[in-house]
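# Survey of secondary and tertiary structure
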Amino acid sequence: MKTVILAEKPAQGKAYAEALGTVKSYKTHVEVDTSILPGEVIVTWGIGHLISMAPMERYDEKYKKWAIADLPFLPNHYQYEIVDSTKTQFRAVKKLLEETDNIIIATDADREGENIAYSIINKCGEKVQRKPKKRLWANSMVAKDLVTAFKNLRDSSETYDFYIEAQTRQISDWLVGMNFTRYFTITAQNSGLEGVYSIGRVQTPCNSLVVLNDLEINQFKPETFYKFKGQATKNQLDLTFTTKIKYMDCTEIQKIVEENNFNQPLETTITKIEKKKSVKAAPKLLNLGGIQKLGNNKWKYGLDDTLATVQSLYTKGYLSYPRTECNHITTSEFDYLLENLERYQDVVDNRFEAAYTAPRKLHVDNEKVVEHYAIIPTTHVPKIETLTEEEQNIYLAVVNHTLQMFAADYEYEVTTAVIDHNDIEFKTSGKVILQKGWKNLQKETEKEEAILPPLTEGEIISMIVSIDEGETKPPARLTEATLGAEGGLMEKLDIGRSATRASIIKVLIDRGFMTVKNTQLFPTKKGKLIYSMTKELLIGKPEMTAKWEGYLKLIGSGKGNQQTFLKNIEKFVHSTLTDLSENSFDKGEVNKIIEASKIGDCPKCKTGIITDKKKLFSCTNEACDFVLWKTIAGKTLSLSQAKELLQTKKTKLIKGFKGKKNTFDAKIILKEDGTTGFEFETKPKAASKKSYPKKFPRKA
């Protein structure tokens, strides 16, 4: 009997093989001599996605030229193709799968892993599709954990619905992206813009969130407000009492001052003393969104960068599976963490006596771990100095956070003193830490709270009241963390999944829809233009993709139907494109982008403007044939040189032009007919004649 284990990546496949037994390695696969699985065992792998959805032009050559008349494009059958760069590996995998008796799907244990595996299997044909299949579902790349997972293989049918969910998501994203990207790009180009204007089921609503946040900030008008502040002293300790109510009218607050004699020292009575003791258990364990939030806030790591770092630590066997939304572990993980507690304490250089050596529901709940448990350290502890700086930061953060579960609770007492003067309530409070507990494992310094002197109800104190002036603040600008990490806006609105939010934000940044400055997100003119065109459409609304995501989850749990969902997506694409045919781009936003890309006015037609294209600068007027090539005589014309040429008809001296025989220095000039030429500062010197000594007559 022969078994082929299908991994997602080469490193993953080799880790499986080494965990199972003795390895004999080949270029496209690994043979394993193992007692864990019966018969002949071979491990092979994809290289990420070996198979992708085919673009429109694969259905018909005519679609190579983008045309609105060809939209909507809604094929009856979806085509898949082998990625060009991985054809050799696919052929090798196909041959192995055709020759095997059993298949173990061992791609990443998530929806995308299922999709990668079945995309390969389905492309191999019916012979491979009919083979018996099992599913490896591992949370750790540590050898002994992998052996346990291989001994407890799941039936492939248990996770097959995850594939259907992922495939449905892939097809719906393709339908939306392919149709609307073509439509908006063509419309943009017809308006005089350059480049591709991509649209996505999740990407476009996410862009809307960033633009809306920017609009709220820019349109915000601060307002002045007033509050009362009371100053008192007891036992040489200063007390500051404040009111909660904000008064927006200066006249109103002055009237209250006069009515209550607040313009002179006030003898008043402490109405109430409240003491409240609080006990806080360690925070919940980290999931992917949690570690991304920490990485962005503490080290300004992009969400995608943090995911890559956690993935690297997982592949090396130091952390558990990264793409998890769960904040809990099972009793099994708790036991091994407890057993290795001192090793982890040595790693973070912080020894403490464990207060909780039995599981607590806040962190350990077998029923809440459905797919993957929280991100925690494995039993394989690295030598910290062998890790990169990013890996060290993330690994130590995860270990520190996990250890907090075993530490004592954080306990403190808050005392609040209240003065009720003619129904105007003044408050002051002080905090006393009784036990720092798990907070000792946090490196941040806790903000110190005021310490109150002994106060009693009914006590009379002298208080000087003043008016405290403040100003309302605009909404906080979104960061990668507050948009896409745990507790972020995308999570609150149910846009995307924790495993995909980072990549969505990265796509928007890479495609020029937004920029990042010190973790803060700013929409570009391109992002604002897309928002202006989609804000009234469902494709641009966050609530739309949230509803779609909700139904996709039903498909993943076996309660939803793929065909029903895709039919609704097709209806949506068709009806939206019909509505869009009546619309055009916001001219104001278009002009902003054109103006921003303007190099200069066209010297030939006098009506168009010159913009930057890949290999040349050209006119936006379609009837004008003016072209300024970026490469002239072997030298690349810079943007500033192009602007100078268009404005003054001449550049400064440029050195190093390549002639037929040698290099030369010259200025580029712009002629009346729109062509370019050279101007030399001095004429090249003619070659001088060589002088030779006179010949003397020979002697007779």
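Structural data are supplied above this passage.
All values reported here derive from a predicted model rather than from experimental measurement. (Residues numbered from 1 in each chain as written. Predicted model: local features only at pLDDT ≥ 70, side-chain atom pairs only at ≥ 80, totals over all residues. Heavy atoms only, no water.)

## A look at the packing of aromatic side chains
Rule in force here: Each Phe, Tyr or Trp ring (for Trp, its six-membered ring) is paired with any other whose centre lies within 6.5 Å, and the angle between the two planes then decides the class: stacked below 30 degrees, edge-to-face above 60, tilted in between. The way it works is that DSSP assigns letters per residue, a run of H or I at least four long becomes a helix, a run of E at least two long becomes a strand, and they are numbered from the N terminus. In this scheme, a residue with accessible area under 20% of its type's maximum is buried, one over 50% is exposed, and one in between is partly exposed, where area comes from a 1.4 Å probe on protein chains only. Charges are assigned to positions over rings by a cutoff of 6 Å between ring centre and Lys NZ or Arg CZ, combined with an angular limit of 35 degrees from the ring normal.
Scanning the model with the defined rule gives 28 aromatic pairs in all. Measuring from centroid to centroid gives 5.1 Å for F228 and F262, while their planes differ by 75°, and the two rings are edge-to-face. With F228 in strand β10 (residues 224-234) and F262 in the loop between α8 (250-259) and β12 (266-269), this pair connects stretches of sequence that are 34 residues apart. F262 gets classed as buried once you look at its relative accessible area, which sits at 3%. Taken together through their ring pairs, the aromatic side chains of Y59, Y63, F73, Y78 and W174 make up a single cluster. Positioned above the aromatic ring of F522, the side-chain terminus of K517 is 5.2 Å from the ring centre.

## What about the packing of helix α7 (residues 203-219) against helix α17 (residues 525-534)?
To keep things clear, this is the line we draw: Lines fitted to C-alpha atoms define the axes here, with helix axes fitted over just the stretch in contact, and angles between the N-to-C directions of these axes take values from 0 to 180 degrees. An angle below 35 degrees is read as roughly parallel, one above 145 as roughly antiparallel, one from 65 to 115 as roughly perpendicular, and any other as oblique. Contacts were defined at the residue level, with two residues in contact if any of their heavy atoms lie within 4.5 Å. Ten residue types, Ala, Val, Leu, Ile, Met, Phe, Trp, Tyr, Cys and Pro, are classed as nonpolar, four, Asp, Glu, Lys and Arg, as charged, and the remainder, Gly among them, as polar.
The N-to-C vectors of α7 and α17 enclose an angle of 105°; their axes lie 9 Å apart at closest approach. It follows that α7 is roughly perpendicular to α17 by the angle criterion. Contact with α7, carried on its side by T204, N207, S208, V211, L212, D214 and L215, involves G527, K528, I530, Y531 and T534 of α17 and no other residues of that element. Residue composition of the contact of α7 with α17, by class: five nonpolar, five polar and two charged.

## A few points about unusual backbone geometry
In this chain, L71 is followed by P72 through a cis amide linkage whose omega measures 0°. Within the secondary structure layout, P72 lies in the loop between β5 (51-53) and β6 (80-82). Despite not being glycine, N235 shows a phi value in the positive range, around 50°. The topology assignment puts N235 in the loop between β10 and β11 (237-243). Residue classification places N235 among the exposed positions, given a relative accessible area of 53%. Positive phi, close to 55°, is recorded for N261, a residue that is not glycine. Within the secondary structure, N261 is located in the loop between α8 and β12.

## Observations regarding the nonpolar core
Just so we agree on the cut-off: The nonpolar core is taken to be a set of buried Ala, Val, Leu, Ile, Met, Phe, Trp, Tyr and Cys residues, with the residues joined through side-chain atoms within 4.5 Å.
In this structure, I120, F180, F184, L483 and M490 are the most contacted members of the largest nonpolar core, which totals 73 residues. At 11 residues, the largest contribution of residues to this core is made by helix α6 (residues 160-190). Excluding residues within four positions of it along the chain, M490 makes contact with V202, C206, L209, L483, G484, I495, R501, I504 and I505. Counting 42 residues, the second largest nonpolar core, distinct from the first, contains L286, L319, Y344 and M405.

## Things to note about the sheet that holds strand β27 (residues 676-679)
Our working rule: In this scheme, strands are said to pair when DSSP sees at least two bridges between them.
As summarised here, the arrangement of the three strands in space is β25-β26-β27, forming an open sheet in which the pairing is antiparallel. This sheet does not close on itself; its edge strands, each paired only once, are β25 (654-658) and β27. Within this sheet the neighbouring strands show an average axis-to-axis angle of 65°, counted without direction. Sheet topology places β25 next to strand β26 (residues 663-670); three bridges connect them, and they run antiparallel. Paired with F657 across the bridge in β26 is F664. Here helix α21 (residues 639-648) sits on the sheet and contacts β25, β26 and β27; the angle it forms with β26, its principal contact strand, is near 50°.

## Section: helix α13 (residues 389-403)
As a reminder of what qualifies: Given a helix with a known number of residues, its expected span is that number minus one, times 1.5 Å.
Taking 1.5 Å of rise per residue, 15 residues should cover 21 Å, and α13 covers 21 Å from first to last C-alpha, within 8% of that figure. Counting buried residues along α13, 11 of its 15 residues qualify, which places the element largely inside the surrounding structure. For α13, every residue scored as buried is listed here: E391, N393, I394, Y395, A397, V398, V399, N400, H401, T402 and L403. Buried residues along α13 sit against α9 (288-299), α10 (303-315), α11 (331-339) and α12 (341-348).

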